[in-house]
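Structure at a glance
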Amino acid sequence: FNVGDTLRMLGEFAEAEAYLRRVSVSAPDFSDGLVSLALTLGELGRFGEAEVLCRRALDLVPGTAAAHFCLGNVLAGSARLEEARSCFVAALHADPGWLPALESLGNVLQELGNSSQAEECYRRCLAIQPGLPNASANLGRLFVEQNRFVEAEACYRDTLKADPDNPGILERLGSVLLELGRAEEAKSCYRQALRVQPERVSARLALATAVLPVIAQSVQEAVAVP
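Everything quoted here is computed from the prediction, not taken from an experiment.

What the protein chain contains, in helices and strands, is 14 helices and zero strands. Judged by the C-alpha coordinates and their principal axes, the protein chain covers about 75 × 35 × 30 Å. In the protein chain, which comprises 226 residues, the proportion classed as buried is 40%. Taking contacts inside the protein chain between residues at least 6 apart in sequence as the whole, the part at least 24 apart equals 41%. When the accessible area of the protein chain is evaluated, it comes to approximately 11700 Å², of which 54% is carbon and sulfur surface. Both charge centroids of the protein chain, one from 21 positive and one from 29 negative side chains, sit 2 Å from each other.

Structure representation (structure tokens):
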């Protein structure tokens, strides 16, 4: 189980499944093994099998936070967002300060259009663990959707403190800076993202857009575009 669960956390899902299948055969009522295998299958896109395992784990140990959380992830992956929300709420009833469940609930609420509740979830995460990268990034994305660009900038900069070379966050920060009229800073972010990930097409397009004036005001301005 420990080998399989570690492989799952490392993203080696096919190999993790092989180990965790052995656990499910030798200890079919071991709920932690069922949950870990379900999470693995969810990552492999096999949501139907994963749901069956999650529900079996809940039958064995009703009310366990991990099984509710696992089922929530599986349902979210299947686009059953309302059901997923209920699962994450149930996980938090069992363990109110569990960060993965709080983050996941925020994500689902945001997808459902419940922006204020999603923001509350992300802020609770950051109150428990200041600077938590995923929560900062998700809160920044929420603020962008609401055109709250100054607040989004602060969130993305907080995220970069923990992961300064994250190309996706650098690109998002660049887009926010463009919205704030700070084109030179935005171009710097895009260039930094490309230094980290030279093949990143979206950053190249964003940089090209930032470099080009919307409408050249003169021949000289057009010629000056690199």
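At a minimum axis separation of 9 Å, helix 8 (residues 115-128) and helix 9 (residues 133-145) run at an interaxial angle of 155 degrees. In terms of orientation, helix 8 and helix 9 fall into the roughly antiparallel class. In this structure, helix 8 crosses over helix 9, and the sense of that crossing is left-handed. In this structure, helix 8 uses Ser115, Ala118, Glu119, Tyr122, Arg123, Cys125 and Leu126 to contact helix 9, whose residues at the interface are Ala135, Ser136, Asn138, Leu139, Arg141, Leu142 and Phe143. Classifying every residue of the contact of helix 8 with helix 9 by side-chain character gives eight nonpolar, three polar and three charged.

Right, let's talk about the pattern of salt bridges for a bit. Under the criterion given, the structure shown has 22 salt bridges. Among the ionic pairs, Glu119 bridges to Arg123, the shortest N-O distance being 3.0 Å. Placement of the pair is Glu119 and Arg123 together in helix 8, with a separation of four residues, close to one helical turn. On the basis of relative accessibility, which here comes to 14%, the residue Glu119 falls in the buried class. Of the residues examined, Arg123 reaches a relative accessible area of 41% and is grouped as partly exposed.

One non-glycine residue with positive phi stands out, namely Ala79, at about 65 degrees. For Asn147, which is not glycine, the phi torsion reads 60 degrees and is therefore positive. Residue position: Asn147 is located in the loop between helix 9 and helix 10 (149-162). Overall, the relative accessible area of 56% leaves Asn147 in the exposed class.

With that settled, the discussion passes to the packing of helix 6 (residues 81-94) against helix 7 (residues 99-111). Interhelical geometry of helix 6 versus helix 7 gives an angle of 155 degrees and a closest axis separation of 9 Å. Relative to helix 7, the element helix 6 is oriented roughly antiparallel. As helix 6 runs across helix 7, the sense of the crossing is left-handed. Residues Leu81, Ala84, Arg85, Phe88, Val89, Ala91 and Leu92 of helix 6 lie in contact with helix 7, whose contacting residues are Ala101, Leu102, Ser104, Leu105, Val108, Leu109 and Glu111. Along the lines of polarity and charge, the residues of the contact of helix 6 with helix 7 split into 11 nonpolar, one polar and two charged.

What follows concerns the environment of Cys54. Counting through the fold element by element, Cys54 comes out in helix 4 (residues 47-60). Look past the residues within four positions of Cys54 in its chain and what remains in contact with it is Ala38, Ala67, Cys70, Leu71 and Val74.

Another aspect to go through is the confidence of the model for the protein chain. Considering every residue of the protein chain, the mean pLDDT works out to 92; 93% of them sit at 70 or more. pLDDT under 50 marks residues 215-223. Its contacts with residues more than four places away, or in other chains, come to four contacts.

On to the side chain of Ser104, then. Within the secondary structure layout, Ser104 lies in helix 7. In this structure the side chain of Ser104 is engaged in a polar contact, spanning 2.9 Å, whose partner is the backbone oxygen of Pro100. Among all residues touching Ser104, those that are not within four sequence positions of it are Phe69, Asn73 and Phe88.

The next thing to look at is the environment of Arg204. Checked against the element boundaries, Arg204 lands in helix 13 (residues 201-211). What makes Arg204 partly exposed here is its relative accessible area of 48%. Note: C-alpha distance between Arg204 and Tyr190 (14 residues apart in sequence) is 7.4 Å. With near-sequence residues (within four places) excluded, Arg204 lies in contact with Leu194 and Pro198.

Rules used in this analysis
- Residues numbered from 1 in each chain as written.
- Predicted model: local features only at pLDDT ≥ 70, side-chain atom pairs only at ≥ 80, totals over all residues.
- Heavy atoms only, no water.
- Helix = DSSP H or I, 4+ residues; strand = E, 2+ residues; numbered from the N terminus.
- Buried < 20%, exposed > 50% of the residue type's maximum accessible area, 1.4 Å probe, protein only.
- Contact = heavy atoms within 4.5 Å.
- Areas by Shrake-Rupley, 256 points an atom, 1.4 Å probe, with all protein chains shown as cover.
- Lys, Arg positive; Asp, Glu negative; His and termini not counted.
- Charge placed at Lys NZ, Arg CZ, Asp CG, Glu CD.
- Axes fitted to C-alpha atoms, helices over the stretch in contact; angles between N-to-C directions.
- Parallel < 35°, antiparallel > 145°, perpendicular 65-115°, else oblique.
- Left-handed = near helix turned anticlockwise from the far one by under 90°.
- Nonpolar A, V, L, I, M, F, W, Y, C, P; charged D, E, K, R; others polar.
- Salt bridge = Lys/Arg side-chain N within 4 Å of Asp/Glu carboxyl O.
- pLDDT = per-residue confidence, 0-100.
- Polar contact = N/O pair within 3.5 Å; in protein donor to acceptor, adjacent residues only side chain to side chain.

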